[in-house]
Amino acid sequence: MKRPGRDDAPDRLYTLTGGRSRSGPDSPFDLVTLVVAESDPTVGMQSEHAAVLRLAQAPTAVVEVAAELGLPVSITKILLSDLLAAGRVSARHPRNSALPDPDVLEQVLVGLRNL
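Residues numbered from 1 in each chain as written. Predicted model: local features only at pLDDT ≥ 70, side-chain atom pairs only at ≥ 80, totals over all residues. Heavy atoms only, no water.

Labelled according to an unreviewed UniProt entry, the protein appears under the name DUF742 domain-containing protein, originating from Streptomyces rishiriensis.

J.: Describe the packing of helix H2 (residues 47-55) against helix H4 (residues 73-85), and please don't skip the residues or the numbers.
T.: In the contact formed by H2 and H4, the axes pass within 10 Å of each other and the chain directions differ by 80 degrees. By the angle between their directions, the pair H2 and H4 is classed as roughly perpendicular. Contacts from Glu48, His49, Val52 and Leu53 of H2 reach H4 at Leu79, Leu80, Asp82 and Leu83. (Axes fitted to C-alpha atoms, helices over the stretch in contact; angles between N-to-C directions. Helix = DSSP H or I, 4+ residues; strand = E, 2+ residues; numbered from the N terminus. Parallel < 35°, antiparallel > 145°, perpendicular 65-115°, else oblique. Contact = heavy atoms within 4.5 Å.)

J.: Give me helix H3 (residues 62-69): which residues, what numbers.
T.: Listed in full, the buried residues belonging to H3 are Val62, Val65, Ala66 and Leu69. Within H3, the buried residues cover an arc of 100 degrees as seen down the axis, which keeps them to one side. Turned more than 90 degrees away from the buried face of H3, the exposed residues are Ala67 and Glu68. Turning to H3, the residues buried within the fold contact strand E1 (34-37), H2, strand E2 (60-61) and H4. Of the residues one or two after H3, Gly70 is the one with positive phi, at around 70 degrees. (Buried < 20%, exposed > 50% of the residue type's maximum accessible area, 1.4 Å probe, protein only. Arc of directions from axis to C-beta.)

J.: Requested: an account of a nonpolar patch on the surface, with residues and values cited.
T.: Residues Val104, Val108, Leu112 and Leu115 make up a contiguous nonpolar surface patch of roughly 430 Å² in combined accessible area. On the secondary structure map, Val104 appears in helix H5 (residues 102-114). (Patch = residues over 30% accessible without salt bridge, like charges linked within 9 Å, V, L, I, M, F, W, Y side chains within 5 Å. Areas by Shrake-Rupley, 256 points an atom, 1.4 Å probe, with all protein chains shown as cover. Salt bridge = Lys/Arg side-chain N within 4 Å of Asp/Glu carboxyl O.)

J.: Just give me the short version of the pairing of E1, but keep the residues and values in it.
T.: Burial along E1 is two-sided: the face carrying Leu34 and Val36 and the face carrying Val35 and Ala37 are both buried. Across two bridges, the pairing between E1 and E2 is antiparallel. Pairing of Val35 across the sheet is with Thr60, part of E2. Looking at chain direction, E1 and strand E3 (residues 89-92) are connected through four bridges and run antiparallel. Across the sheet, residue Val35 finds its bridge partner in E3, namely Ala91. (Pairing = 2+ DSSP bridges.)

J.: Account for the nonpolar core, naming residues and giving values.
T.: Ranked by size, the top nonpolar core spans 20 residues in total, and within it Val35, Val52, Leu53, Leu69, Leu71 and Leu80 carry the most contacts. Elements represented by at least two residues in this core include exactly helix H1 (11-16), E1, H2, H3 and H4. (Core = buried A, V, L, I, M, F, W, Y, C linked by side-chain atoms within 4.5 Å.)

J.: Break down the packing of H2 against H3 for me, with residues and values.
T.: Relative to each other, H2 and H3 sit at 125 degrees, their axes nearing to 11 Å. It follows from the interaxial angle that H2 and H3 lie oblique. In this structure, the crossing between H2 and H3 has a hand that is right-handed. Contacts between H2 and H3 involve Ala51, Val52 and Leu55 from the first element and Val65, Glu68 and Leu69 from the second. A class-by-class count of the residues in the contact of H2 with H3 yields five nonpolar, no polar and one charged. (Left-handed = near helix turned anticlockwise from the far one by under 90°. Nonpolar A, V, L, I, M, F, W, Y, C, P; charged D, E, K, R; others polar.)

J.: Provide a residue-level description of the environment of Leu79, including the pertinent values.
T.: Along the chain, Leu79 turns up in helix H4. Look past the residues within four positions of Leu79 in its chain and what remains in contact with it is Leu16, Gln46, Glu48, His49 and Leu71.

Pasting the structure below:
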């Protein structure tokens, strides 16, 4: 069984990233970072970059982009860094949901104990 991104041509990943093995140290990308396309693909663009822009028409997590492309997350982060530097995507972390009020939680706990 073949793993995604593990094809018979190992130089493919090297070519995709221009020889880079990791994104920059100030890269904003982790597995759950949401990526949104800021432009449409253009003629002559690297096919993986164009695929990312098509996938990210709506906010999409980095891990989902990697899975759809069949590439390792590390390679996907490099591609996303290229697109971010060119202003073709934006990145943001998902919003943290507000924690419930502790008083409400206490009331629920009391109610459950009374059952």
